[in-house]
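Commentary on secondary and tertiary structure
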Amino acid sequence: MEVVIADEHKLAQLAADAIERLLRTETAPVLGLATGSSPLRIYDELAARHERQGLSFAHAQAFMLDEYVGIAADHPERYRNVIDTEIATRVDFAEEAVHGPDGSAEDLAAASAGYEQKIAEAGGIDLQILGIGTDGHIAFNEPGSSLASRTRVKSLTYQTRVDNARFFDGDVDQVPSLCLTQGLGTIMEARHLVLVATGGGKAEAVHQMIEGPVSAMWPATVLQMHPHVTVLVDDAAASRLQLGDYYRHAFENKPDWQHL
Ligand code: GLP
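Here's a quick rundown of the structure.

Thresholds, definitions, all that
Residues numbered from 1 in each chain as written. Predicted model: local features only at pLDDT ≥ 70, side-chain atom pairs only at ≥ 80, totals over all residues. Heavy atoms only, no water. Helix = DSSP H or I, 4+ residues; strand = E, 2+ residues; numbered from the N terminus. Buried < 20%, exposed > 50% of the residue type's maximum accessible area, 1.4 Å probe, protein only. Contact = heavy atoms within 4.5 Å. Expected span 1.5 Å × (residues − 1). Phe/Tyr/Trp six-rings, centres within 6.5 Å; stacked < 30°, edge-to-face > 60°.

Our focus in this paragraph is the environment of glycine 103. Looking at where glycine 103 falls in the secondary structure, it is placed in the loop between β5 (98–99) and α4 (108–121). With a relative accessible area of 11%, glycine 103 lands in the buried category. Spatially, the C-alpha atom of glycine 103 lies 9.5 Å from that of alanine 73, the residues being 30 residues apart in sequence. When near neighbours in sequence (up to four residues on either side) are disregarded, glycine 103 contacts Glu67, Tyr68, Val69, Gly70, Leu108 and Leu180.

Here is the structure:
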């Protein structure tokens, strides 16, 4: 795991650099997109590079991590709509190139299996953007999730619904309690995982993810088993790391040729 501690602007630049490199070198790149507030600066940076430098997504596909179940199709917080607003419509993805799990499907198990198949048919995900919940969830894999899980229906914890209530007029009762989410096993198959976390509220989850024992109680700890993970954190999110000085030193002394 590479841990980079920097300010939010620099973190977004680094993530956008990795995505830009992929878009410019691969003929059919596959991106993994995340919702939540953590990736928003990355999306702003990508949209700016598209606008100013012609960075193109026309040959790329993208897959979302998760979706609420039981939310109106036109609700602005439906993840599909969030992704359209925050990134998909701001750049030049081809029509039908951005995929998400269908939380409105009648047969959610079939929709989950179909989504796994679509990812496989695209050749797997090259670079997956991730955030982390305060309880250590990634996508919507709540504590107790199987570390080998695949795309499926999950119940959200009350804490996650409270955390997400800010997007629903502060009313926890409006936050759906079911979702479809890529599993931890699905996420682990992406070739490069880039997780971004900012703010003191994430400090314990970040510490557990990087330095704690691998456990379904902190689902993000499964990333310790992945060969290529980049964790991008600001000072506040890094504040509980035991080896913070070492991570800073390692990044400052990294050879120029070595990308994220
Ligand atoms: C939600 C999303 C996750 C996201 C998490 C953290 O639960 N399903 O993908 O990582 O929230 O969100 P934020 O970045 O807003 O803190």
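Additional details are given in the paragraphs that follow.
Before going further, it helps to examine helix α1 (residues 8–25). With 18 residues, α1 extends 26 Å from end C-alpha to end C-alpha; this agrees with the ideal 26 Å at 1.5 Å per step. For α1, the complete set of buried residues consists of Leu11, Ala12, Leu14, Ala15, Ala16, Ala18, Ile19, Glu20, Leu22 and Leu23.

Glancing now at the packing of aromatic side chains. Tallied over the full model, the rule gives seven aromatic pairs. Plain terms: the ring middles of tyrosine 68 and phenylalanine 140 are 5.6 Å apart, the flat faces sit at 45° to each other, and that makes the pair tilted. Within this pair, whereas tyrosine 68 is found in strand β4 (residues 66–69), its partner phenylalanine 140 is found in the loop between β6 (127–130) and β7 (152–155), the two being separated by 72 residues in sequence. No difference in accessibility class separates tyrosine 68 from phenylalanine 140, as the two residues are buried. Consider the rings of tyrosine 68 and phenylalanine 168, whose centres lie 5.7 Å apart with planes at 85°: the pair is edge-to-face. Remark: phenylalanine 168 occurs in the loop between α5 (158–164) and β8 (178–181) and tyrosine 68 occurs in strand β4; sequence separation between them is 100 residues.

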